[in-house]
Structure formats: C-alpha cells, structure tokens
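This is what each chain is made of:
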Amino acid sequence: MFPTYESFKSRADALREQIDAACRRAGRDSSSVELLAVTKTHPAAAVDYAARYGLRAVGENRVQEAQEKQPHCTAKIQWELIGHLQSNKAKLAVALFDRVQSVDSEKLLNQLDAAAAGLGKTMPILLQINAGRDPAKFGADIEDAPRLLEAALGKTHLRLDGLMTIAPLSADPAVAERTFLTLRSLRDELATRFGVPLRELSMGMSGDLEAAVLAGSTQVRVGSALYGHR
Ligand SMILES: *Cc1c(COP(=O)(O)O)cnc(C)c1O
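S.K.: Go over the overall build of the protein with me, naming the residues and quoting the values.
M.R.: The helix and strand inventory of the protein stands at nine helices and eight strands. Relative to a compact globule of 230 residues, whose C-alpha radius of gyration would be 17 Å, the protein shows 17 Å and is just as compact. Dimensions of the protein, computed from C-alpha atoms along their principal axes, come out at roughly 45 × 40 × 30 Å. Within the protein, the fraction of its 230 residues that count as buried is 53%. Carbon and sulfur atoms form 50% of the exposed surface of the protein, whose accessible area is close to 10600 Å². Of the charged side chains in the protein, 29 are positive and 28 negative, and the gap between their average positions amounts to 2 Å.

S.K.: I'd like a description of helix 7 (residues 173-194), backed by residues and values.
M.R.: The terminal C-alpha atoms of helix 7, which comprises 22 residues, lie 32 Å apart, in line with the 32 Å expected from a rise of 1.5 Å per residue. Check the buried side of helix 7 and you find it contacts helix 6 (145-153), strand 6 (158-164), strand 7 (200-202) and helix 8 (209-214). Of the residues flanking the start of helix 7, the one acting as N-cap is D172, its side-chain oxygen 2.9 Å from the backbone nitrogen of A174. Where helix 7 terminates, the next one or two residues include G195, which has phi positive at roughly 65°.

S.K.: Tell me what's going on with the environment of R199, and back it up with residues and numbers.
M.R.: Tracing the backbone shows R199 in the loop between helix 7 and strand 7. Residue R199 is classed as exposed on the basis of its relative accessible area of 53%. Sequence separation between R199 and A114 is 85 residues, and the spatial gap between their C-alpha atoms is 24 Å. Aside from chain neighbours lying at most four places away, what touches R199 is D161, R187 and T218.

S.K.: Residues and numbers for the nonpolar core, please.
M.R.: Core analysis: the largest hydrophobic core is formed by 72 residues, its most contacted members being F97, L112, I125, L127 and I129. Apart from residues lying up to four places away in sequence, F97 is in contact with E60, R62, V63, A66, W79, E80, L81, K121 and M123. With six residues, the next largest nonpolar core counts L36, V38, L126 and M164 among its residues.

S.K.: Any details on the site of the ligand? Residues and values, ideally.
M.R.: In the vicinity of the ligand there are twelve residues, among which K40, S206, R221, G223 and S224 approach most closely. The side chain of N61 places a nitrogen or oxygen atom 3.1 Å from an oxygen atom of the ligand. S224 has a polar backbone atom sitting 2.8 Å from an oxygen atom of the ligand. When the ligand sits alone it has 380 Å² of accessible area, and the protein chains cover 90% of it. The pocket occupied by the ligand, as judged from atoms lying within 2 Å of grid points, is the largest pocket.

S.K.: Provide a residue-level description of the layout of surface pockets, including the pertinent values.
M.R.: Estimated volume of the largest pocket: approximately 670 Å³. Looking at the lining of the largest pocket, the elements that each hand over two or more residues are helix 7 and helix 8. In the lining of the largest pocket, the residues fall into twelve nonpolar, seven polar and eight charged.

S.K.: Summarise the packing of helix 6 against helix 7; cite the residues concerned and give the values.
M.R.: For the pair helix 6 and helix 7, the least separation of the axes is 11 Å and the interaxial angle reads 50°. Considering the angle they form, helix 6 stands oblique to helix 7. Two packed elements cross with a definite hand, and for helix 6 against helix 7 that hand is right-handed. Only L186, L190, R193 and F194 of helix 7 make contact with helix 6, whose side of the interface consists of A145, P146, L149, E150 and L153. When grouped by side-chain class, the residues that make up the contact of helix 6 with helix 7 number seven nonpolar, no polar and two charged.

Here is what the cut-offs are and how they apply
- Residues numbered from 1 in each chain as written.
- Predicted model: local features only at pLDDT ≥ 70, side-chain atom pairs only at ≥ 80, totals over all residues.
- Heavy atoms only, no water.
- Helix = DSSP H or I, 4+ residues; strand = E, 2+ residues; numbered from the N terminus.
- Rg over C-alpha atoms; globule rule 2.2 N^0.38 Å.
- Buried < 20%, exposed > 50% of the residue type's maximum accessible area, 1.4 Å probe, protein only.
- Areas by Shrake-Rupley, 256 points an atom, 1.4 Å probe, with all protein chains shown as cover.
- Lys, Arg positive; Asp, Glu negative; His and termini not counted.
- Charge placed at Lys NZ, Arg CZ, Asp CG, Glu CD.
- Expected span 1.5 Å × (residues − 1).
- Contact = heavy atoms within 4.5 Å.
- Polar contact = N/O pair within 3.5 Å; in protein donor to acceptor, adjacent residues only side chain to side chain.
- Core = buried A, V, L, I, M, F, W, Y, C linked by side-chain atoms within 4.5 Å.
- Near = heavy atom within 4 Å.
- 1 Å grid on protein atoms, 1.4 Å probe; cavity = no way out; pocket = protein on both sides within 12 Å on 5 of 7 lines; lining within 4 Å.
- Sits in = over half its atoms within 2 Å of the grid points.
- Points joined across faces, edges and corners; volume = space filled by probe spheres on them.
- Nonpolar A, V, L, I, M, F, W, Y, C, P; charged D, E, K, R; others polar.
- Axes fitted to C-alpha atoms, helices over the stretch in contact; angles between N-to-C directions.
- Parallel < 35°, antiparallel > 145°, perpendicular 65-115°, else oblique.
- Left-handed = near helix turned anticlockwise from the far one by under 90°.

Bear in mind that shape data such as this cannot, by itself, settle questions of function.
Right, here's the structure in full:
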C-alpha cells in the first residue's frame, strides 16, 4: 500500500541514518552521498513526497511513465532517467529529464547529443556499466568503457558526470560488493587516464546500499525502502 507522508518521512529518516552510519564506517562525509528517490510504478504523490522531504531528485525507469506523471507533479525537483533507454526515445528523454544515467552505447550518445543540440541544452549523463557482468542487465561491458567514455567526452551537448551500475541479483552479498568495487576502480582508472573528475558514482539500492557507500557510491537509488513494495 502506498504510504502516507508521515510514514514515508520516517522511512526516509531511517534510510538517511543508515547511509550516514555507512559513511562514518567508511570515513566519509555524509553529505557526499545523495539519496535518490525511485518513484517508478508509484503515483505522482511519490514525487511530491520526495520534494517535500528536501530531496534534490527522483529516478524514473521509463520515459513514458515520467511523461504521464510530470503534469501531475507540482513540486520543483529534478528528474533522472535510470532505466534502459531506446534510442528512438532519446529526444523525448532529453526534453523530460534533467539527467540520463543509463547511457550504454555510442548510438545512444549520438542520439542524445543531437537531441540536446536541437533543444539548445547541455544534457548531463552517466555511463551505465555492467560492472557485475550480468547477462540479465543492460550497461556497457567493462572493456568497452574507455571507448564509450572517449566518445562521450567528444560530444558538445553532453556533460559526463560519472558512472552508474546495477549489481546482479544474488543471495550472496559479496556479489554486490565486488560489483561496486569494480565500478569504483574503473572510475578511478578512467578519471586518471582521461583527466576528468567523473565525480558521480550512482550505485546501491534498497538492499545493498551499505556495500555501495563503503565502495564509494555518491548516490544510492532507493525505491521500495521508501515507498513499499511494488
Ligand atoms: C527500481 C530501481 C531501483 C530501486 O530499487 P529498490 O530495490 O526498489 O530500491 C534502483 N535503480 C534502478 C536502475 C531501478 O530500476
């Protein structure tokens, strides 16, 4: 059942405490990890809750769902696309979102860059990397990351903020841990090699956010722990 604002608020407080505790364990400042509210499948009120709580942004999985929801949202908040994007929807994605986290091909880079140019906009992006080598997940292969990154840096209407990954579903917490550490070291390596900060590391969800923060996540994407199960 969709929660009341009070119940959402206590869940968000508890999550924030969990993130802050992980930051303390990692010796990191708690302001270095953002909570992104994932509102997919939830009503427009979920977005308003996030804004009222003071979150900067929400994450949506599908372009069309965001398009349906946005007219019903009164709150001022940023929208991030975290789900797979088909290149024929690139133009609409650039119009509706403030950042696209799921960029995993050169074709998509080309389409997003052209769409952003058409709208006179610079589009912030993350490259989604399949750091857990999960055949069930989207995301570029680790080996293709340098080539993709170089292509992204060449686009005049895109701004590359960093990397994103989704850990494979597994009963073994070590799988997610390994995935996050892989993305972190890939980021460090690429940042050095290409001389760019790649500040954002979007990794960790409701079930694995502590491991993500310990590995250097700067943004955890949380849906069910905030809004209940879909
Ligand atoms: C749904 C989703 C999330 C949130 O997952 P929860 O387990 O509900 O916290 C995070 N990231 C992506 C890419 C998602 O699709």
